[in-house]
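Here is what each chain is made of, one letter per residue.
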Amino acid sequence: MTTASFNHIDLTSQPAGTVKPWTKVDAGGMSYTHTSVSRPVHNLREESPAEFNTDISGFGTFRWPSGEKAFTDDAAVRGAYYDDVEALLRDNCEALPSNNNAGTNRVRKVVIFDHTIRRRVPDAPRAPVQQVHVDQTAAAAVARVRRHLPADEADELLRHRFQLINVWRPIGHPASDHPLAVIDWRSTVPGDFTPVDLLYPQRKRVDSVMGSDADDNDDDRGKEAPPLKTERLSTEGYEVRGETMGVLANENHRFYYVKDMTPDEVLLLKCYDSWGEGEPAGKKGLAVRTPHTAFEDPATPEDAKPRESIEVRALVFYEE
C-alpha cells in the first residue's frame, strides 16, 4: 500500500455564469480547478482477485501478453492489437457472473472505436491524466453506439445489455512512474459524479454517409495532437464532441492500483454498463462505472522510466 494525492473536480472554482463544466481533450484547459486530497492506495497484487471484476468493483486485471510491443505502427495497433483486445473482451466478458446466472449471455458484437497512447515525455500529444474521472456518461455511451453503427442496428443493440470498456496496458516497461489508480465502484454514491463537456479541436465538416454534420473522417482512433495555442479558459477553436464525468472527493472512496504493472498485464475499466445499478435496466449490486486517474506514487524510484501506456475503448454488445 502507498499514500498519494488525488485531484478531484472543484465545482466552486468555475467562473461566474458557467452553466456546465468543460475540459479540453488535449489538456489545453478546463473551466474549473482541482481540489487535492490524500488517500491510501491499496496494491491489487496483495488482494484476492475474486474480490475484483468489472461486475462488482467496475474493474479487473488480467495477464494477457500481446505480440504488439512498441505501439508506434498505427496499422499494427488497429490490426493485430485490436484483434487481441476483442479476443480478451469476448473471453472475459462472457465469463462474468452477471452473464451466467440464467444460462450464458454471449457477446454479440464488439466495436472498438478509439485508442489513445500516452507517453510522459516532452511534446507527447497525450500525457497521463491526473484527475479522477470516468471516460463517458450514460448519454455519451449511447451516443457512441449511434455514432459508430447504422441507425437500425443501433436501435436493435440498445434493446439489450451493452457496455463501454477501456482496456489499459503499459507500453515497453512497467508503469512504476505515474501508475493508474482506480476507485472501487462499491465505495461510490451517485452524487459523486458530475457531467463534464469534453471539447475537441474543430475539424472540417463535409457531407457524408454519417450526415451533413459529420466529420471529414469520423474516426478518432490514434489522432492525438498537441493542444491548440489558446488561453486556458478560452474555447475558441474547440467544440463539444463528448461528455465525461468529473468525480467529487469522498472520504469513503477506496483506491487501488497494480504496483509495477507490466506490459503483459491489462486492466479492464468499465466506463458504462446498461445493466448497472440505477440504470433503466439496472440490476442491484452491478457496477455501472469505474473512476480512475494517474497519480504520483511517492515510492516510485527516481530512475523509473516515464510512463507509457495505451488505452483502447470498445463497445461490447450482448444477446440478452
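Residues numbered from 1 in each chain as written. Predicted model: local features only at pLDDT ≥ 70, side-chain atom pairs only at ≥ 80, totals over all residues. Heavy atoms only, no water.

On to the overall build of the chain. Of regular secondary structure, the chain possesses 3 helices and 14 strands. In terms of overall dimensions, the chain is globule-like: its C-alpha atoms have a radius of gyration of 19 Å, near the 20 Å expected for 320 residues. Principal-axis analysis of the C-alpha atoms gives the chain an extent of 55 × 50 × 40 Å. Restricting to contacts in the chain with at least 6 residues of sequence separation, those with at least 24 account for 81%. When the accessible surface of the chain is totalled, it reaches about 14,500 Å², and 50% of it is carbon and sulfur. (Helix = DSSP H or I, 4+ residues; strand = E, 2+ residues; numbered from the N terminus. Rg over C-alpha atoms; globule rule 2.2 N^0.38 Å. Contact = heavy atoms within 4.5 Å. Areas by Shrake-Rupley, 256 points an atom, 1.4 Å probe, with all protein chains shown as cover.)

With the rule as written, the count across this model stands at 23 salt bridges. Note that Asp264 is salt-bridged to Arg63, the shortest N-O span being 3.7 Å. Here Asp264, found in the loop between strand 11 (255-257) and strand 12 (265-273), pairs with Arg63, found in strand 4 (residues 59-63); they are 201 residues apart in sequence, far enough to count as distant. Assessed through its relative accessible area of 22%, Asp264 is described here as partly exposed. Between Asp273 and Lys270 there is a salt bridge; the shortest N-O distance is 2.9 Å. (Salt bridge = Lys/Arg side-chain N within 4 Å of Asp/Glu carboxyl O. Buried < 20%, exposed > 50% of the residue type's maximum accessible area, 1.4 Å probe, protein only.)

The subject of this paragraph is the side chain of Ser98. Mapped onto the elements, Ser98 comes out in the loop between helix 1 (74-93) and strand 5 (107-119). A polar contact is formed between the side chain of Ser98 and the side chain of Asp55, at a distance of 2.8 Å. Sequence-distant contacts of Ser98, defined by excluding residues within four places in its chain, comprise Asp55, Arg161, Trp275 and Leu286. (Polar contact = N/O pair within 3.5 Å; in protein donor to acceptor, adjacent residues only side chain to side chain.)

With that settled, consider the packing of aromatic side chains. This model, assessed by the stated rule, comprises 9 aromatic pairs. Through a chain of ring-to-ring contacts, the aromatic side chains of Phe6, Phe255, Tyr257 and Phe295 assemble into a single cluster. Positioned above the aromatic ring of Phe52 is the side chain of Arg186, whose terminal nitrogen or guanidinium carbon lies 5.7 Å from the ring centre. (Phe/Tyr/Trp six-rings, centres within 6.5 Å; stacked < 30°, edge-to-face > 60°. Lys NZ or Arg CZ within 6 Å of the ring centre and 35° of its normal.)

What follows concerns the nonpolar core. The biggest cluster of nonpolar side chains holds 22 residues, and the ones touching the most others in it are Leu89, Val167 and Ile310. Phe113, Ala141, Val145 and Ala154 belong to the second-largest nonpolar core, a separate cluster that totals 16 residues. (Core = buried A, V, L, I, M, F, W, Y, C linked by side-chain atoms within 4.5 Å.)

The strand order 4-12-7-14-5 describes an open sheet built from 5 strands, whose pairing is antiparallel. Of all the strands in the sheet, the pair left with one neighbour each is strand 4 and strand 5. Across the sheet, the mean angle from the axis of one strand to that of its neighbour is 25°, orientation sign disregarded. Examined bridge by bridge, strand 7 (residues 162-170) and strand 14 (residues 308-318) share 9 bridges and lie antiparallel to one another. For Phe162, the partnering residue across the bridge sits in strand 14 and is Phe317. This element, helix 1, spans strand 4, strand 5, strand 7, strand 12 and strand 14 of the sheet and lies at about 130° to strand 5. (Pairing = 2+ DSSP bridges. Axes fitted to C-alpha atoms, helices over the stretch in contact; angles between N-to-C directions.)

This part is about helix 1. Largest kink in helix 1: about 35°, centred on Tyr81. Residues of helix 1 that are buried include every one of Val77, Tyr81, Tyr82, Val85, Leu88, Leu89, Asn92 and Cys93, and no others. Here the buried face of helix 1 lies against strand 4, strand 5, strand 7, strand 12 and strand 14. (Bend = angle between axes of the 7 residues up to and from the residue.)

Turning next to the confidence of the model for the chain. Scored by pLDDT, the chain has a mean of 90; 90% of the residues are at 70 or more. Within the model, pLDDT remains below 50 along residues 206-217, and this stretch shows 20 contacts once partners closer than five positions in the same chain are excluded. (pLDDT = per-residue confidence, 0-100.)

Glancing now at the environment of Asp135. Structurally, Asp135 can be placed in the loop between strand 6 (133-134) and helix 2 (138-148). Between the C-alpha atoms of Asp135 and Asn166, which are 31 residues apart in sequence, the distance is 8.4 Å. With near-sequence residues (within four places) excluded, Asp135 lies in contact with Asn166, Glu243, Thr244, Cys271, His292 and Arg313. A polar side-chain atom of Asp135 sits 3.4 Å from a polar atom in the side chain of His133.

Further remarks concern helix 2. Buried residues of helix 2: Ala140, Ala141, Arg144, Val145 and Arg147, and no others. The arc enclosing the buried residues of helix 2, seen along the axis, measures out at 165°, which places them on a common side. (Arc of directions from axis to C-beta.)

Of all 10 residues that make up strand 10 (residues 238-247), 8 are buried, and the element is covered over most of its length. As paired elements, strand 6 and strand 10 share 2 bridges and run antiparallel to each other. Of the residues in strand 10, the one forming a bridge with His133 is Gly246. By the bridge criterion, 9 bridges tie strand 9 (residues 193-201) to strand 10 in an arrangement that is antiparallel. Bridge assignment links Leu198 to a residue of strand 10, and that residue is Gly242.

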